[in-house]
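Summary of structural features
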Amino acid sequence: MSTETMSIFSPALAAKFDALVLKYPLKRSALIPMLLYAQDEVGYVSDAVIEEIAERLSITPLDVKNVASYYSMLRFKPAGKYNVQVCTNISCMLRGGYDIFDHLQEKLGIGHKGVTADGLFSLEEVECIGVCCWAPAVQVNYDFHDELTNDKIDAVLESYKAKEGTR
Amino acid sequence: MPRLVSHPDEVKIVTKRFGMGAAEIDRYVELGGYESAKKALEQGSEWIINEMKASGLRGRGGAGFPTGLKWSFVPKVSQKPKYVLVNGDESEPGTCKDHLIFLHDPHSVIEGTIIAGLAIGAKTGFIYLRGEYRYLIQIVEKAVADAYAKGYLGTNIFGSETEFQVIVQTGAGAYEVGEESALMESLEGKRGVPRIKPPFPAVVGLYGGPTVINNAETIASVPHILAMGGPAYAAVGSERNGGTRLFGISGHVNNPGIYELPMGYNLKKMIYEVAGGIRGGRTLKAVVPGGSSTPVLLPHEIETLGMDFDQVGKAGSMLGSGGVVVLDDTVCIVEFALRTISFYQHESCGWCIPCREGTDWLKKSLTRFHAGFGTMKDIDNIQYLAENMMGRTFCPLGDAAAMPTLGFVKKFRKEFEDHLDGKPCPYAKHLELAVV
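Residues numbered from 1 in each chain as written. Chains lettered and ligands numbered in written order. Predicted model: local features only at pLDDT ≥ 70, side-chain atom pairs only at ≥ 80, totals over all residues.

1. Notes on the overall build of chain A
The cut-off we apply is this: Numbering of helices and strands starts at the N terminus; helices are DSSP runs of H or I of at least 4 residues and strands are runs of E of at least 2.
Across its full length, chain A carries 8 helices and 4 strands. Ordered by position from the N terminus, the helices and strands of chain A form the series α-α-α-α-α-β-α-α-β-β-β-α. The dimensions of chain A, computed from C-alpha atoms along their principal axes, are 50 × 35 × 25 Å.

2. Some remarks on the overall build of chain B
Applicable threshold: It is over C-alpha atoms that the radius of gyration is taken, and the globule rule equals 2.2 Å times the number of residues to the power 0.38. Every C-beta atom is placed from the backbone, and the number of other C-beta atoms within 10 Å of a residue's own sets its class: buried at 20 or more, exposed at 12 or fewer, partly exposed in between.
Each helix and strand counted, chain B has 18 helices and 10 strands in total. Computed over the C-alpha atoms, the radius of gyration of chain B is 22 Å, within 12% of the 22 Å expected from 2.2 N^0.38 for a compact globule of 436 residues. Reported as C-alpha extents along the three principal axes, the dimensions of chain B are approximately 75 × 45 × 35 Å. Residues counted as buried form 56% of the 436 residues belonging to chain B.

3. Here we look at the domain arrangement of chain A
What counts, and what does not: Domain borders in the structure are assigned automatically or taken from a domain database.
By the assigned domains, chain A splits into domain 1 (3–68) and domain 2 (82–164). A C-alpha centroid distance of 29 Å is found between domain 1 of chain A and domain 2 of chain A.

4. So, the packing of helix 2 (residues 35–43) of chain B against helix 6 (residues 106–120) of chain B
Residues and elements named next belong to chain B. To keep things clear, this is the line we draw: Convention adopted: a line fitted to C-alpha atoms gives each axis, helices being fitted over their contacting stretch, and angles between N-to-C directions are expressed from 0 to 180 degrees. By the definition adopted for this analysis, an angle is roughly parallel if under 35 degrees, roughly antiparallel if over 145, roughly perpendicular if from 65 to 115, and oblique otherwise. A pair of residues counts as a contact when their C-beta atoms, built from backbone coordinates, are within 7 Å of each other. Throughout, the ten residues Ala, Val, Leu, Ile, Met, Phe, Trp, Tyr, Cys and Pro are labelled nonpolar, Asp, Glu, Lys and Arg are labelled charged, and all others, Gly among them, are labelled polar.
Running from amino to carboxyl end, helix 2 crosses helix 6 at an angle of 10°, the nearest separation of the two axes being 9 Å. Regarding the angle of helix 2 to helix 6, the classification is roughly parallel. Judged by residue contacts, Ser36, Ala37, Ala40 and Leu41 of helix 2 engage Glu111, Ile114, Ile115 and Leu118 from helix 6. Among the residues forming the contact of helix 2 with helix 6, the class breakdown is 6 nonpolar, 1 polar and 1 charged.

5. Overview of the environment of serine 250 of chain B
Residue position: serine 250 of chain B is located in strand 5 (residues 244–251). For the pair serine 250 of chain B and glycine 64 of chain B, spaced 186 residues apart in sequence, the C-alpha to C-alpha distance is 22 Å. In this view, serine 250 of chain B contacts Ser91, Cys132, Cys133 and Ala135 of chain A together with Gly94, Pro256, Gly323 and Val325 of chain B; residues no more than four positions away in its chain are not counted.

6. Observations concerning the sheet that holds strand 3 (residues 138–140) of chain A
To summarise the sheet geometry, strands pair through backbone hydrogen bonds and adopt either a parallel or an antiparallel arrangement. All names here are of chain A. Selection criterion: The rule for pairing is simple: two strands pair if DSSP sees at least two bridges between them.
Spatial ordering of the open sheet is given by 2-1-3-4, a layout of 4 strands whose pairing is mixed. Only two strands of the sheet have a single neighbouring strand rather than two, namely strand 2 (121–126) and strand 4 (143–145). Ignoring strand direction, the axes of neighbouring strands in this sheet form an average angle of 25°. By the bridge criterion, 6 bridges tie strand 1 (residues 82–87) to strand 2 in an arrangement that is parallel. Bridge pairing in strand 2 links asparagine 83 to serine 122. Contacting strand 1, strand 3 and strand 4, helix 8 (residues 150–164) runs over the sheet at an angle of about 5° to strand 3.

7. Details of the interface of chain B and chain A
With 53 residues of chain B at the interface, the matching set in chain A holds 40 residues. Listing elements by their share of the side of chain B that touches chain A, those giving two or more residues are helix 7 (134–149), strand 3 (165–170), helix 8 (180–187), strand 5, strand 6 (257–262), strand 10 (323–328) and helix 14 (333–347) of chain B. Here the element with the most residues in the side of chain B that touches chain A is helix 14 of chain B; it accounts for 6 residues. For the side of chain B that touches chain A, the per-class residue count stands at 22 nonpolar, 21 polar and 10 charged.

8. Thoughts on the domain arrangement of chain B
Residue and element names in this part refer to chain B. For chain B, the assigned domains are domain 1 (25–236), domain 2 (244–328) and domain 3 (333–422). The C-alpha centroid of domain 3 is placed 23 Å from the C-alpha centroid of domain 2. Facing 7 residues of domain 2, the contacting portion of domain 3 comprises 10 residues. Residue classes in the side of domain 2 that touches domain 3 are distributed as 4 nonpolar, 3 polar and no charged.

9. A closer look at the nonpolar core
The condition that has to hold: Among buried residues, those of type Ala, Val, Leu, Ile, Met, Phe, Trp, Tyr and Cys that are joined through C-beta atoms within 7 Å form a set called a nonpolar core.
Judged by nonpolar contacts, the single largest core of 176 residues is most densely connected at Leu35 and Ala137 of chain A together with Leu85, Ile115, Met270 and Val287 of chain B. What isoleucine 115 of chain B contacts, discounting residues up to four positions off in sequence, is Ser36, Ala37, Ala40, Ile48, Val222, Pro223 and Leu226 of chain B.

10. Points about helix 14 of chain B
Put simply, the rule reads: An expected span of 1.5 Å times one less than the residue number is assigned to each helix.
A rise of 1.5 Å per residue sets the reference length of helix 14 of chain B, with its 15 residues, at 21 Å; its end C-alpha atoms lie 21 Å apart and thus fit the reference within 8%. Burial within helix 14 of chain B is extensive, with 14 of its 15 residues counted as buried.

11. Concerning the sheet that holds strand 3 of chain B
Residue and element names in this part refer to chain B. Across the sheet, 4 strands lie side by side as 3-2-1-4; this open sheet has parallel pairing. Of all strands in the sheet, those with a lone pairing partner are strand 3 and strand 4 (211–215), marking the two edges. Recorded for the sheet is a direction-independent mean angle of 20° between the axes of neighbouring strands. Relative to strand 4, strand 1 (residues 83–88) is paired through 5 bridges, and the arrangement is parallel. Within strand 4, the position partnered with tyrosine 83 by the bridge is threonine 211.

12. As for the packing of helix 5 (residues 97–104) of chain B against helix 9 (residues 216–228) of chain B
Residues and elements named next belong to chain B. Test applied: In this scheme the handedness of a crossing depends on how the near helix is turned from the far one: anticlockwise by less than a right angle means left-handed, clockwise means right-handed.
At a minimum axis separation of 9 Å, helix 5 and helix 9 run at an interaxial angle of 45°. With respect to each other, helix 5 and helix 9 are oriented oblique. The way helix 5 lies across helix 9 gives a crossing that is left-handed. The residues of helix 9 that touch helix 5, namely those facing Lys97, Asp98 and Ile101, are Ala216, Glu217 and Ala220.

13. Brief notes about the pairing of strand 3 of chain B
Residue and element names in this part refer to chain B. What counts here: With the strands aimed away from the viewer, a crossover counts as right-handed if its path from the first strand over the helix to the second runs clockwise.
Examined bridge by bridge, strand 2 (residues 124–129) and strand 3 share 6 bridges and lie parallel to one another. Paired with leucine 129 across the bridge in strand 3 is threonine 170. Crossover handedness for the path strand 2 to helix 7 to strand 3: right-handed.

14. Structural notes on helix 7 of chain B
Residues and elements named next belong to chain B. Formally: Comment: arc refers to directions from the helix axis out to C-beta atoms.
Taking 1.5 Å of rise per residue, 16 residues should cover 22 Å, and helix 7 covers 22 Å from first to last C-alpha, within 8% of that figure. For helix 7, every residue scored as buried is listed here: Leu136, Ile137, Val140, Ala143, Val144 and Ala147. The arc that holds every buried residue of helix 7, seen down its axis, measures 125°, which confines them to one face. Those residues of helix 7 that are exposed and aimed more than 90 degrees away from the buried face are Gln138 and Ala149. Where helix 7 is buried, its residues meet helix 1 (25–30), helix 5, helix 6, strand 2 and strand 3. Just beyond helix 7, the residue with positive phi is glycine 151, at close to 80°.

15. Topic: the pairing of strand 1 of chain B
Residue and element names in this part refer to chain B. When you tally the buried positions in strand 1, you get 6 out of 6 residues, the bulk of the element. Burial along strand 1 is two-sided: the residues Tyr83, Leu85 and Asn87 and Val84, Val86 and Gly88 are all buried. Note that strand 1 and strand 2 share 6 bridges and pair parallel. Paired with valine 86 across the bridge in strand 2 is isoleucine 127.

What follows is the structure, given as structure tokens:
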């Protein structure tokens, strides 16, 4: 694919994908990383993302969609700019994970998989994110925030708002 | 940033470079890094495998299979390329040890991968991390790039004629992919469903080639074993359980964290001394000893229990991933069982019917039960259902869901009975669980 003219991705990501498909003994090994990196840039796995990845890997869009639908981090509609993922699995649950989740539902005015009206935040209850010894924990996009209290998570949200200059 | 903890009883082997800036390659080398890989290159495959066998190292992912033996199963001659696969998909609830290895000592994983490759005659290794660990993936990717720049990876590693390449791969959210054959499917760009065994990965694995797949902690232990010698490593642990383990203690303890302790270390001491005892001076109710899939233990069962694969197995549970989850007397076991099964229901890949249907029905039954609408017959039905999932699936996820459920019902039957007939839960506040 000539990335300059046809890609829906930024030149940097298109170049990354060009290299990625050559990296493995089998081209389609690049599929799952490509889907995730594409989602990072586009915001979700759109039809256009599926089409282009399918073409790059010489497989059908249906095949791509079939694989994408298996992985819980991949989504088919946009989330908030900052996707707040609250772990409520056992170790977090024992240390107040549900209190954090309830607090965030109230604070943001949205429920599980909801998006705030300004599109800034979305909220998700997620399974174990691998920070059990520092529970309760939340992951905002890819950033971990651990050993949380309601006050601490409030400060975390404020820090993202401040980044946007919407305080 | 995950907090590091320490305790005088710790024996720091795998964690000895934690907090010392060893993610930087020069620092890692300064601290003795890559010496084991060089030694392995000189000594060759047979020596490596013998040292590994002598070390008594058993798979840290949870199955506890002897690593040296696993490596020896790979055929010497193969038409297809052989591969080393490092499982850093760490997703078992209660488990976060590999998180710290990737954060503090990524080169130990790379060095271990090179050594495993030399042992089995592979030219390529993959390090697969769960997608949520993006910041750790970036750390490992930088470490790999640095190792290439130094000539420790590439076509002539350490100036030799030997080639070894390492590829870092991201997942995208799936507990099931932590199962070895599902991980291979995922790495081949497919849905992470398990493959039927045999053939085992050592014969037919990734891209159909002979493959050694090990947990990240197992691989990170390898350079240390070669440095100190297999027998010396074995001597640190207990009988037939060599070395140390990164125990992750979470839940209702005063000092949760990752502690590196000798295999066979007493569980009671681990909770009361190493992790500082129960939070708020409360009473211990139960312990999940090795990640959420391992059957629960009662306080009297941990008194003299040594934490190694054999002793925990004998006690009716499993050492699993070494994730010790501690529950105090405020916990409602029915609610805890429900949260556990909800996870497995969410993560079942749906490939095998006993697991797909079993986890779903167990979640439904426990939801109803916890809400106070259960009947006496439900308790038996939950048990019957769980028993019939055991051993009837391609991969161990079905067992992983059934085993803890059986443990909760058997050991806390009275607590289940106390939920009958719409009675309010006497053990904890009734929160309606959000649906994941």
